[in-house]
Amino acid sequence: MYRFLLTPRWWGINVFVLLAIPFCVFMGSWQLGRFEERVDNHRGAGQETAADQHRAARPLAELLPVDKETSGDRATATGRYADQLLVPDRDLDGKRGYYVLTMLRTDSGKALPVVRGWLPGTADPAEAPAPPTGETTVTGALQASENPGENGVSGRSGLPAGQTAAISTASLVNLVPYDLYDAWVTLDEADSGMTAVPATAPRDTGLDLKAFQNLGYTGEWFVFAGFVVFMWFRLFRREVEFVRDAELGLIPEEEAATPSVV
């Protein structure tokens with residue numbers, strides 16, 4: 001009854017199944033590994049950020065360019081405050097408010113964007129404290145330029161003058177008339193009654209959409225593997241029923257000579 005398994009058609013089906021199932025299991029395991037790696041990175045990044053708060057601050061030049069290793073490290077820079085901007089729609093402790101972002105012009109000729117603090121409510125230049133005058137040394141957590149649309153960063157355009165949606169060189173270069181560092185700093189201690197903005201984990205280390213996509217793909221690959229097994233048994237059962245019916249003479253001879261199809 002099972003001699004049909006030796007036909008070329010069934011050899012092809014069996015070879016496909018024997019290759020497809022391990023492949024699906026491998027891909028599912030790989031996607032699961034990617035998800036677990038992101039979980040570990042997220043956990044490690046949180047621990048690293050907490051540890052960075054207790055490390056001695058280093059000169060800004062020693063920490064550039066910003067990467068996963070230096071993001072969150074305490075940096076120090078000296079210069080004079082210049083243009084001040086507001087960054088609206090920023091949440092802190094469950095409240096909506098805005099960052100006060102001031103450019104620190106250094107002796108190198110470049111300016112370092114500095115988040116001096118957070119204030120609740122709608123962005124209002126009249127409420128934002130003016131920056132200190134004269135030469136100032138700042139100390140805070142180094143951060144990479146933000147990408148609009150990621151990690152809660154607004155991608156809004158058409159903001160009022162004196163506001164920016166993202167703290168990024170690409171956005172700020174159109175708002176200030178001098179060169180900028182491709183990084184920014186959030187002060188350890190906020191100025192003038194504002195609330196200090198905590199450092200965030202480096203990009204691609206959090207449980208973001210990509211992490212849960214990996215988890216979703218894991219499930220899909222294992223479902224594919226199960227579907228391949230299901231279809232093999234379905235074809236096998238249909239073939240057995242076809243052969244049995246042919247042996248009992250329940251189907252015409254010319255049809256029995258032709259392999260059944262689903």
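It should be emphasised that the depicted structure is a prediction, and the values quoted were computed from it without experimental measurement.

Engineer: Outline the overall build of the protein, supporting the account with residue identities and numerical values.
Structural biologist: On a plain count of helices and strands, the protein comes out with 5 helices and 6 strands. Reading the secondary structure of the protein in the N-to-C direction produces α-β-α-β-β-β-β-α-β-α-α. Buried positions account for 38% of the 262 residues belonging to the protein. Looking at the protein alone, contacts between residues at least 24 apart form 66% of all its contacts between residues at least 6 apart.

Engineer: So, the packing of aromatic side chains: which residues are in play, and what are the values?
Structural biologist: The tally for this structure, following the rule as stated, stands at 6 aromatic pairs. Judged by centre distance (6.1 Å) and plane angle (90°), the ring pair of Trp-10 and Trp-232 falls under edge-to-face. Of the two residues, Trp-10 is situated in helix H1 (residues 8-52) and Trp-232 in helix H4 (residues 209-247); the sequence distance between them amounts to 222 residues. The class of Trp-10 is buried, set by a relative accessible area of 1%. Judged by centre distance (5.1 Å) and plane angle (90°), the rings of Trp-232 and Phe-233 are edge-to-face. Among the aromatic residues, ring-to-ring pairing joins Trp-10, Trp-232, Phe-233 and Phe-236 into one connected group. Here Arg-116 stacks its cationic end above the ring of Tyr-81, 5.8 Å away from the centre of that ring.

Engineer: Quick one: what's the story with the confidence of the model for the protein, residue by residue and with numbers?
Structural biologist: Regions with low pLDDT carry predicted coordinates that are not meant to be interpreted in detail. Taken as a whole, the protein shows an average pLDDT of 84; of its residues, 82% reach a score of 70 or greater. Within the protein, strand S4 (residues 111-120) carries the highest mean pLDDT (97), whereas helix H5 (residues 253-256) carries the lowest (53).

Engineer: Any chance you could break down the pattern of salt bridges for me, citing the residues and the numbers?
Structural biologist: One pass over the full model with this rule turns up 7 salt bridges. The partner of Asp-191 in a salt bridge is Arg-116, and the shortest N-O contact between them spans 3.1 Å. Here Asp-191 is found in the loop between strand S6 (184-187) and H4, whereas its partner Arg-116 is found in strand S4, with 75 residues between them in sequence. Judged by its relative accessible area of 0%, Arg-116 is buried. Taken together, the shared-partner salt bridges in this structure form one network comprising Asp-89, Asp-91 and Arg-96.

Engineer: Requested: an account of a nonpolar patch on the surface, with residues and values cited.
Structural biologist: A cluster of nonpolar side chains, contributed by Leu-6, Trp-11, Val-15 and Leu-19, occupies part of the molecular surface with about 460 Å² of accessible area. One can find Trp-11 in helix H1.

Engineer: I'd love a proper account of unusual backbone geometry, names of residues and values included.
Structural biologist: A cis amide bond, omega -5°, links Leu-64 with the succeeding residue Pro-65. Here Pro-65 shows up in the loop between helix H2 (60-63) and strand S2 (74-92). The backbone phi angle of Asp-93 is positive, close to 55°, even though this residue is not glycine. Mapped onto the fold, Asp-93 is located in the loop between S2 and strand S3 (95-106). Since its relative accessible area comes to 71%, Asp-93 is described here as exposed.

Engineer: Can you explain empty space enclosed by the protein? Please cite residues and give values.
Structural biologist: Taken as a whole and judged by the stated rule, the model has 1 cavity of 30 Å³ or more. Its volume calculated, the largest cavity comes out at about 40 Å³. Every residue along the wall of the largest cavity is listed here: Pro-113, Ser-145, Ile-167, Ser-168, Thr-169, Leu-172, Leu-180, Tyr-181, Ala-183 and Trp-184. Class assignment of the residues belonging to the lining of the largest cavity gives a composition of 7 nonpolar, 3 polar and no charged.

Engineer: Go over the nonpolar core with me, naming the residues and quoting the values.
Structural biologist: If you look at the biggest cluster of nonpolar residues, it comprises 16 residues, and the most contacted ones within it are Tyr-99, Leu-101, Met-103, Val-115, Ile-167, Leu-172 and Leu-180. Only S2, S3 and S4 provide two or more residues apiece to this core. Judged by nonpolar contacts, the second largest core, of 15 residues, contains Leu-60, Leu-112, Val-114 and Leu-187.

Engineer: Help me get a handle on the side chain of Asn-14, residues and values and all.
Structural biologist: Tracing the sequence through the fold places Asn-14 in helix H1. In contact with Asn-14, not counting residues within four places along its chain, are Leu-5 and Trp-232.

Rules used in this analysis
Residues numbered from 1 in each chain as written. Predicted model: local features only at pLDDT ≥ 70, side-chain atom pairs only at ≥ 80, totals over all residues. Heavy atoms only, no water. Helix = DSSP H or I, 4+ residues; strand = E, 2+ residues; numbered from the N terminus. Buried < 20%, exposed > 50% of the residue type's maximum accessible area, 1.4 Å probe, protein only. Contact = heavy atoms within 4.5 Å. Phe/Tyr/Trp six-rings, centres within 6.5 Å; stacked < 30°, edge-to-face > 60°. Lys NZ or Arg CZ within 6 Å of the ring centre and 35° of its normal. pLDDT = per-residue confidence, 0-100. Salt bridge = Lys/Arg side-chain N within 4 Å of Asp/Glu carboxyl O. Patch = residues over 30% accessible without salt bridge, like charges linked within 9 Å, V, L, I, M, F, W, Y side chains within 5 Å. Areas by Shrake-Rupley, 256 points an atom, 1.4 Å probe, with all protein chains shown as cover. 1 Å grid on protein atoms, 1.4 Å probe; cavity = no way out; pocket = protein on both sides within 12 Å on 5 of 7 lines; lining within 4 Å. Points joined across faces, edges and corners; volume = space filled by probe spheres on them. Nonpolar A, V, L, I, M, F, W, Y, C, P; charged D, E, K, R; others polar. Core = buried A, V, L, I, M, F, W, Y, C linked by side-chain atoms within 4.5 Å.

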